[in-house]
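Topology and contacts: notes
Here's the letter readout for the chains.
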Amino acid sequence: MKRFVILCLAAALLCLSGCELPMLGAEREDTLLRPIGFGSEQEVSESGPAVEETQPAVEATGPAEEERYLPLPQEAVSFFFSSGAGAWRTELILGQTGQFYGKFSDTNMGESGEGYPHGTVYVSSFYGAFGSWEQLDANSYRLTDVMITLEQTPGEEWFSDQMRYVASDPYGMTELMSSQPAQEFILYLPDTPLEQLNEEALTWWPYRFDQMDTPRETLGCYGLVNTSTNEGFFYCE
């Protein structure tokens, strides 16, 4: 009888040991696979942890941190350079990081010929960035280290929809194409007093025609002026 009880107890112990071993093994496997620094409740995807969670915390740096971004709306905005007369304009789409892209077009219906009876369009597509900037005062910033790339070679021609297209330099940015490019633009904020801009730059200001009826003392929009030519791009919300 005693022998039977001893055998039963031994069997029970073996059963308990066998039941616990898989659980211990699972816990060890889970520990080995979990990335260091992640808690037990952290879900890890097949592609690994999210990048932002593995980066060290960055301490806020105050004004120096703010200078990494231009004081523009969060979404990239379109600045336009145009006289308001004629069928030409240059659009420059600028973001807070200083990167931009844009296009220029100038339609000349009188420049027609065989195969392009509807005229000629001079066009340019470009992209680039302002490499650095500094704040001049409460309402203006100097943008420098301008880099620009054209997507078409000036002089290249093609035909479409009975029109001739000719690649050209983008008007308002042409100084950047020369051997000694203009490396400086000034970004003006909407509260900039008009007296801060010279008269030549204001000839491109969209509100210039309204001054007689509704005089303004401030710019009322964002301005981007090429300092070597005084040609101005403007974005009005």
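Of regular secondary structure, the protein possesses four helices and 10 strands. In the protein, the succession of helices and strands from N to C terminus is α-α-α-β-β-β-β-β-β-β-β-α-β-β. Within the span of the protein, comprising 237 residues, buried residues form 31% of the whole. In the protein, of all internal contacts separated by at least 6 residues, the share reaching a separation of at least 24 is 58%. As presented, the protein carries roughly 15500 Å² of accessible surface, and 53% of it is formed by carbon and sulfur atoms.

Our focus in this paragraph is the confidence of the model for the protein. A residue-level look at the protein finds 67% of positions with pLDDT of 70 or above and a mean pLDDT of 75. Helix α2 (residues 51–54) is the least confidently modelled element of the protein, averaging 38 in pLDDT, while strand β7 (residues 163–167) averages 97, the highest of any element. Here residues 1–65 scores under 50 on pLDDT; set against residues more than four positions off or in separate chains, the count is nine contacts.

For the rest of this paragraph, the subject is the side chain of T144. Looking at where T144 falls in the secondary structure, it is placed in strand β5 (residues 140–150). Residue classification places T144 among the buried residues on the basis of a relative accessible area of 19%. At 2.9 Å, the side chain of T144 and the side chain of S132 are in polar contact. Residues in contact with T144, not counting those within four places in the same chain, are F130, G131, S132, Q183 and E184.

Turning to the nonpolar core, a few remarks are in order. Counting 38 residues, the largest nonpolar core has F79, L94, F100, L143, L219 and L224 as its most contacted members. Residues within four places of L143 in sequence aside, it is in contact with L70, F130, S132, W133, Q183, E184, F185, L187 and L224.

As a further point, take the packing of aromatic side chains. On inspection of all chains with the given rule, the structure shows 14 aromatic pairs. Ring centres of W158 and Y165 lie 6.0 Å apart, and the angle between their planes is 5°; on these two criteria the pair is classed as stacked. In this structure W158 comes out as partly exposed when scored by relative accessible area, which is 30%.

Attention now goes to unusual backbone geometry. Positive phi, close to 60°, is recorded for Q162, a residue that is not glycine. Within the fold, Q162 resides in the loop between β6 (157–160) and β7. With a phi close to 60°, N230 is a non-glycine residue in the positive phi region. Among the structural elements, N230 can be located in the loop between β9 (222–226) and β10 (231–235).

Analysis parameters
Residues numbered from 1 in each chain as written. Predicted model: local features only at pLDDT ≥ 70, side-chain atom pairs only at ≥ 80, totals over all residues. Heavy atoms only, no water. Helix = DSSP H or I, 4+ residues; strand = E, 2+ residues; numbered from the N terminus. Buried < 20%, exposed > 50% of the residue type's maximum accessible area, 1.4 Å probe, protein only. Contact = heavy atoms within 4.5 Å. Areas by Shrake-Rupley, 256 points an atom, 1.4 Å probe, with all protein chains shown as cover. pLDDT = per-residue confidence, 0-100. Polar contact = N/O pair within 3.5 Å; in protein donor to acceptor, adjacent residues only side chain to side chain. Core = buried A, V, L, I, M, F, W, Y, C linked by side-chain atoms within 4.5 Å. Phe/Tyr/Trp six-rings, centres within 6.5 Å; stacked < 30°, edge-to-face > 60°.

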